[in-house]
Amino acid sequence: MQDNATEVTAAGIARLAGVGRAAVSNWRRRHADFPKPVGGTETSPSFALAEVEAWLRDQGKLAEVPLRERVWQQLAGHPEGPVTALTHAGCVLLLIHARPTVWLEVSAGSDERLAAMLPQALDEVLTPRFGAMPAAGKGRAAGGVPAAGRGPASVAPGPAVNTASVAPGPAVNTASVAAGPAVNTPPAVHAPASPQLLPSAPLLRGAAELAAETGARQAFEFLLGRHLDANPRQYTLTPAELAGLMADLAGPARTLLDPACGTGALLRAVAPRPDQELYAQDSAPDLAALTALRLALHTPAAVHAAAGDTLRADAHPGLRSDAVLCHPPFNERNWGHDELAYDPRWEYGFPARNESELAWVQHALARLKDGGSAVLLMPPAAASRRSGRRIRADLLRRGALRAVVALPVGAAPPYNIPLHLWVLRRPDQAPVQPELLLVDTGQYATEGRGGPDWRAVRESVLDAWQAWDRPPTRGGTFEERPGLARSVPVIDLLDDDVDLAPARHLPPPAAADGAGALTDVRERLGETLRLTADLTPPPVEADRPARWPLTTVGELARGGALVLRTGGNGGHARVPVLTDHDVLAGTAPSGTLPESDEEAVLTAPGDIVVPVLGGGSVARVIDDATAGAALGRNLVLLRPDPAALDPWFLAGFLRGTANNRQASSYASTATRLDVRRLQLPRLPLDEQRRYGARFRALDDFERALRHVGRLGEQLVRGMYDGLTDGTVAPG
């Protein structure tokens, strides 16, 4: 039975049919039998997916809706929201993964029969993996609130202080157990009830079909990935490359904990082993549930996940794990400073209100067994804030903090600052001569949206860590790596600031490397200067001003000689976005836009892009390297008909200063360009091409000048650095 409650927007219809939004608008105007809106707003209506699919087939516009797209639309349009739908789908995919024949049995027949039989089948799979619901709270969340009251129907909200899914372990040291009453709370995932599953029945059947094509784990990863891409501002993600590096730094472990698990990226990065036990907790019940399902599909290891505020209500107080991986929330002031003043976890000092990250560090150490390792992603301020210097000093004295690694800019959100990795180890004995490994990988930052050079980062960090952590190299015998890594005696760091920022303690790069790099930059600068000289425009001969018949961009658009489009506020999150800053600076697309129902305007070779704010006279012709990027805000795209207009001719005349002045309007603080009012002469196509060739030569000259400027800045900066750090002699 098809789900008539699942709705799809015009952008979703366009993706289903493989067309643009404009085609969907035309269908609505031209076809009286096109499905009527069933929801949404007047400007962004939504339609019943079943009706749309039937109409597309009847019109011969679609032989069959792509399975992946149909399942995603069912999930995105679920009446209880996409998170609930994703949780239900994950439960069924886990059932298919563990007991495929049971799924075949319960899915035979109507949706009502499926919803009635599925809870027991799910319970037989979910309970062994995640633990049983407490008898008094079955079907209810903490505090007596129905589980469907807030968030996913199969997620148990509320503080989780102790879960039924925590396996018994060895005797624990009660001094490091978090204070608070032991409350038996539900696991992160439990079987939804039949009424909750009935609206999800078509989605669950579609997810099963997708699992038959790709596998249950791949199907869940696809749906989860699409959900995260569609809601980039709701989640703080840990990039897969960084998660893998953190897992490698922690080393092999049988029991692992992530106390702020988010979407489970860190525990998923650990190489799966059947004898492992994975523990996770997150304050958001939906994230705890999604992490549990993701891990259960990824690994045969035991998965113990719970929802709750980790610092205030630890779900695993008796755990002593081999390793802890954590990407904690940054700069939280409401982390429990007033309530937790006498908590036994603060072995290294009571964190200040603005030092929430140091509370997470000590929580991680309290959940480790002696000799266990923890790796935390930290903001760089945590290494140098004066309010945390006493705790940092005690971590150093007792040998708990082993390494601080500075990552390149762009490694993880927030992408504009170089985050740090702290590698910790719960001391099993007092260090004889404690030292700290400092690593700085800032040199591996790259321009653009691709992030840093992860291969170089990974190799440099792991090589330095493995060389330093081997017993024969401890005690100051680690070979220093200028500009990259150094082992610093703790006594040298215990000053008034206890500043652990790696860049402040590393020696400069080796002289040979610095001099060689500067020589290379100088040679490239010389070659570019010679190229610039060759591109210099020839002497200008005086001539009388030409008197051409003029037209405007607006008239050309009305006549069909060009198409005019404006940049939007949304598109697909995976498509790079050309911003107004990129156009002004002549750089590659660097922006992002959240996914929305608005269709993105994609650039093509020969398009002209014009910024409308700022008062500058700039027009950029799109080349093959930039084509395919989405048009960002405050940009206008002109797509000329090549049989009527030469793109370089058009772009050149749009850049005239007088032309821009007459087409601009002025507010109190900004200048806005009305592109439709820009003028250009009416000339034959051959004459346009003559002008276009000259304008193109000027553009090449301008690009060369920009490159010269960047190389010159690089050379000057390198010379200043070399002269001041002694790697370059003044002679």
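Going by the structure above, here's the rest.
First, a word on scope: everything that follows refers to the structure included in this document. All residue numbers refer to position in the chain's written sequence, counted from 1. Two thresholds apply to this predicted model, a pLDDT of at least 70 for residue-level local features and 80 or more for giving and counting side-chain atom pairs, whereas whole-chain, interface and lining totals are computed over all residues. Hydrogens and water molecules were not included; the side-chain quantities draw on all heavy atoms of the structure.

## With respect to the overall build of the protein
Tallying secondary structure elements over the protein gives 23 helices and 24 strands in all. Throughout this description, buried means an accessible area under 20% of the type-specific maximum (1.4 Å probe, protein chains only), exposed means over 50%, and partly exposed covers the range between. Split into buried and exposed, the 731 residues of the protein put 51% on the buried side. Any pair of residues with heavy atoms lying within 4.5 Å of one another is described as a contacting pair. Of the contacts made within the protein by residues no fewer than 6 positions apart, 74% connect residues no fewer than 24 positions apart. Helix numbering and strand numbering both begin at the N terminus, where a helix is a DSSP run of H or I of at least 4 residues and a strand a DSSP run of E of at least 2.

## Some points on the nonpolar core
Soluble globular proteins tend to pack their nonpolar side chains together in the buried interior. What makes a nonpolar core is a set of buried Ala, Val, Leu, Ile, Met, Phe, Trp, Tyr and Cys residues whose side-chain atoms join them at distances within 4.5 Å. Core analysis: the biggest nonpolar cluster contains 100 residues, and Trp 103, Leu 118 and Leu 421 have the highest contact counts within it. Contact partners of Trp 103, with chain neighbours within four places excluded, come to Val 92, Leu 95, Ile 96, Leu 114, Leu 118, Leu 204, Arg 205 and Ala 208.

## Here's the deal with the environment of Ile 608
The topology assignment puts Ile 608 in strand 18 (residues 608-611). For Ile 608, a relative accessible area of 0% corresponds to the buried category. Taking the C-alpha atoms as reference points, Ile 608 and Leu 654, 46 residues apart in sequence, are found 9.7 Å from one another. Residues in contact with Ile 608, not counting those within four places in the same chain, are Ala 619, Arg 620, Val 621, Val 636, Leu 637, Leu 638, Pro 640, Pro 647, Leu 650, Ala 651 and Leu 654.

## Structural notes on the pattern of salt bridges
Any carboxyl oxygen of Asp or Glu that lies within 4 Å of a side-chain nitrogen of Lys or Arg is treated as forming a salt bridge with it. The full count for this structure, using the stated rule, is 35 salt bridges. Glu 347 serves as the salt-bridge partner of Arg 426, at 3.3 Å between the closest nitrogen and oxygen. You can see Arg 426 sitting in the loop between strand 12 (420-425) and strand 13 (435-440) and its partner Glu 347 sitting in the loop between strand 9 (321-326) and helix 14 (356-366), a full 79 residues away along the chain. A salt bridge links Arg 639 to Asp 607, with the nearest nitrogen and oxygen atoms 2.8 Å apart. Remark: Asp 607 occurs in the loop between helix 20 (580-585) and strand 18 and Arg 639 occurs in strand 21 (residues 635-640); sequence separation between them is 32 residues. By relative accessible area, which is 35% here, Arg 639 ends up partly exposed. Overlapping salt bridges, with partners in common, bring together Glu 347, Asp 370, Asp 394, Arg 398 and Arg 426 in one network.

## Some words on the environment of Ala 305
Tracing the sequence through the fold places Ala 305 in strand 8 (residues 302-307). Taking the C-alpha atoms as reference points, Ala 305 and His 316, separated by 11 residues in sequence, lie 9.4 Å from one another.

## Examining the side chain of Arg 425
Inspection of the secondary structure assignment puts Arg 425 in strand 12. When its relative accessible area of 18% is taken as the criterion, Arg 425 is described as buried. Here a polar contact means two N or O atoms within 3.5 Å. Within protein one must be a hydrogen donor candidate and the other an acceptor candidate, and residues neighboring in sequence count only if both atoms are side-chain atoms. Looking at Arg 425, its side chain comes within polar contact range of the side chain of Ser 373, at 3.5 Å.

## Focus: the sheet that holds strand 2 (residues 39-40)
Any two strands between which DSSP finds at least two bridges are classified as paired. Across the sheet, which stays open at both edges, the three strands sit in the order 1-3-2 with antiparallel pairing between neighbours. Each edge of the sheet is formed by a strand with only one pairing partner; in this case those strands are strand 1 (7-9) and strand 2. Strand direction decides the pairing type here: strand 1 and strand 3 (residues 45-48), joined by three bridges, are antiparallel. Across the sheet, Val 8 pairs through a bridge with Phe 47, a residue of strand 3.

## Overview of the side chain of Asn 659
Within the secondary structure, Asn 659 is located in helix 22 (residues 657-662). Once you skip the residues sitting within four places of it in the chain, Asn 659 turns out to touch Phe 653, Leu 654, Leu 678 and Gln 679.

## Description of the pairing of strand 11 (residues 401-406)
Here strand 11 lies mainly inside the structure; six of its six residues are buried. Bridge count between strand 11 and strand 12: five bridges; the pairing is antiparallel. When the bridges of strand 12 are listed, Ala 406 appears paired with His 420.

## Overview of the sheet that holds strand 19 (residues 620-621)
Strand pairing in a sheet takes place through backbone hydrogen bonds and is either antiparallel or parallel in direction. Strand order in the open sheet formed by four strands is 16-21-18-19, with antiparallel pairing between adjacent strands. With one partner strand each, in any of the chains shown, strand 16 (562-566) and strand 19 form the two edges of the open sheet. The pairing of strand 18 with strand 19 spans two bridges and is classified as antiparallel. Bridge assignment links Ile 608 to a residue of strand 19, and that residue is Val 621.

## Here's the deal with helix 3 (residues 49-58)
Within helix 3, the full set of buried residues consists of Leu 49, Ala 50, Val 52, Glu 53, Trp 55 and Leu 56. Where helix 3 ends, the next residue or the one after it, Gly 60, has phi of about 70°, a positive value.

## Brief notes about the environment of Pro 272
Summarising the element assignment, Pro 272 is placed in the loop between helix 12 (265-268) and strand 7 (277-282). Separated by 23 residues in sequence, Pro 272 and Leu 295 have C-alpha atoms that sit 9.6 Å apart. When sequence neighbours within four positions are dropped, the list of residues in contact with Pro 272 reads His 298, Thr 299 and Pro 300.

## Some words on the state of the cysteines
Should the sulfur atoms of two cysteines be covalently bonded, the bond is a disulfide. By convention in this document, the label disulfide applies to cysteine sulfur atom pairs within 2.5 Å. Tallying each qualifying case throughout the model produces zero disulfides. The structure places no disulfide on Cys 326, whose sulfur is separated from the nearest cysteine sulfur, that of Cys 261, by 9.6 Å.

## Overview of helix 21 (residues 647-654)
Among the eight residues of helix 21, eight are classified as buried, and the element is accordingly described as predominantly covered. Along helix 21, the residues that are buried comprise Pro 647, Trp 648, Phe 649, Leu 650, Ala 651, Gly 652, Phe 653 and Leu 654. N-capping of helix 21 is provided by Asp 646, with a side-chain oxygen placed 3.1 Å from the backbone N of Trp 648.

## Here's the deal with unusual backbone geometry
Residues other than glycine predominantly adopt negative phi, and peptide bonds predominantly adopt the trans conformation. Pro 414 follows Pro 413 through a cis peptide bond whose omega is -5°. Among the secondary structure elements, Pro 414 is positioned in the loop between strand 11 and strand 12. Not every positive phi belongs to a glycine, and Asn 634 is a case in point at roughly 60°. For Asn 634, the position within the fold is in the loop between strand 20 (630-631) and strand 21. A relative accessible area of 31% means that Asn 634 is categorised as partly exposed.

## Describing the packing of helix 4 (residues 67-76) against helix 9 (residues 201-214)
Helix packing for two helices is described by the angle between their axes and how far apart those axes are. A fitted line through C-alpha atoms serves as each axis, taken over the contacting stretch for helices, and the angle formed by two N-to-C directions is quoted from 0 to 180°. Between helix 4 and helix 9, whose axes approach to 9 Å, the crossing angle comes to 150°. Judged by the angle between their axes, helix 4 and helix 9 are roughly antiparallel. Handedness of the crossing formed by helix 4 with helix 9: left-handed. Taken together, the residues of helix 9 that come into contact with helix 4 (itself represented by Leu 67, Arg 68, Arg 70, Val 71, Gln 74 and Leu 75) are Pro 202, Leu 203, Gly 206, Ala 207, Glu 209, Leu 210 and Glu 213. Ten residues, namely Ala, Val, Leu, Ile, Met, Phe, Trp, Tyr, Cys and Pro, are considered nonpolar, four, namely Asp, Glu, Lys and Arg, are considered charged, and the remaining ones, Gly among them, are considered polar. Class assignment for the residues of the contact of helix 4 with helix 9 results in seven nonpolar, two polar and four charged. Every angle not falling under 35 degrees, over 145, or within 65 to 115 is termed oblique; those three ranges are roughly parallel, roughly antiparallel and roughly perpendicular. Note: crossing handedness is left-handed where the near helix turns anticlockwise from the far helix by less than a right angle, and right-handed where it turns clockwise.

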